[in-house]
Amino acid sequence: DSSEEYLNERPEEETEQYLLFEVQELKIGIRVDYVLETIISYSVTSLPLLPEYVRGVINLRGEIIPIVDVRLRLSRPGSEGAPVIVVSVGGNQLGILVDRVVQMVKLRKKDVQPLPARGKQKLISGMCSLPEAGTMLVLDCPALLET
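Now for a look at the structure at hand.

The rules behind each value
- Residues numbered from 1 in each chain as written.
- Predicted model: local features only at pLDDT ≥ 70, side-chain atom pairs only at ≥ 80, totals over all residues.
- Heavy atoms only, no water.
- Buried < 20%, exposed > 50% of the residue type's maximum accessible area, 1.4 Å probe, protein only.
- Helix = DSSP H or I, 4+ residues; strand = E, 2+ residues; numbered from the N terminus.
- Pairing = 2+ DSSP bridges.

### A word on the pairing of strand 4 (residues 54-60)
Looking along a regular strand, one sees the side chains alternate between the two faces of the sheet.
Thought 1: Counting buried residues in strand 4 gives five out of seven residues, a clear majority hidden from the surface.
Thought 2: As paired elements, strand 4 and strand 5 (residues 63-69) share six bridges and run antiparallel to each other. When the bridges of strand 5 are listed, Gly 56 appears paired with Ile 67.
Thought 3: Here strand 4 hands over to strand 5 after two residues, with Arg 61 in that stretch at a positive phi of 50°.

### Side note on the pairing of strand 2 (residues 26-31)
Thought 1: Both strand 1 (residues 15-23) and strand 2 contribute to a ladder of six bridges, which runs antiparallel. Across the sheet, residue Phe 21 finds its bridge partner in strand 2, namely Ile 28.
Thought 2: Remark: two residues form the turn of the hairpin made by strand 1 and strand 2, two consecutive strands paired antiparallel; Gln 24 in that turn has positive phi of roughly 55°.
Thought 3: Inspection of the sheet shows strand 2 paired to strand 11 (residues 134-139) by three bridges, in the parallel sense. Across the sheet, Lys 27 pairs through a bridge with Met 136, a residue of strand 11.

### Regarding unusual backbone geometry
Phi is mostly negative for residues that are not glycine, and the peptide bonds are mostly trans.
Thought 1: Phi angles above zero are rare outside glycine, and Gln 24 is one such case at about 55°.
Thought 2: Turning to its location among the elements, Gln 24 is positioned in the loop between strand 1 and strand 2.
Thought 3: Positive phi, normally seen in glycine, also occurs at Arg 61, with a value near 50°.
Thought 4: Structurally, Arg 61 can be placed in the loop between strand 4 and strand 5.

What follows is the structure, encoded as structure tokens:
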């Protein structure tokens, strides 16, 4: 049957998985290839002379990981005692302080659109409409390492 051959030859749509989390009222996704793990319980050691958004460091199985408060990077009030998503960016491990980890979502690459006007918002690289959850912003992980 020729229609069956056509279906077998049709390329699959490219998809990416994102870990969806919340920061205040914002829904933000991070590509899962950056995510190492999520930590609920931890102790942050403060360090002097760091930017305000770097809350300090944690010791994770012998690795010292800096913790970045995404709220402060997005010019919002800081958070306390929130979950941390540990990511790997360019060989560097970094903890991202978030309000709540929501779920994993699988999206078609073509559904993730660039921001209409990126301007000063360097941490968000794109956006996507989610059927049940509204708009998801896409976190630009390499931008977290920039000052």
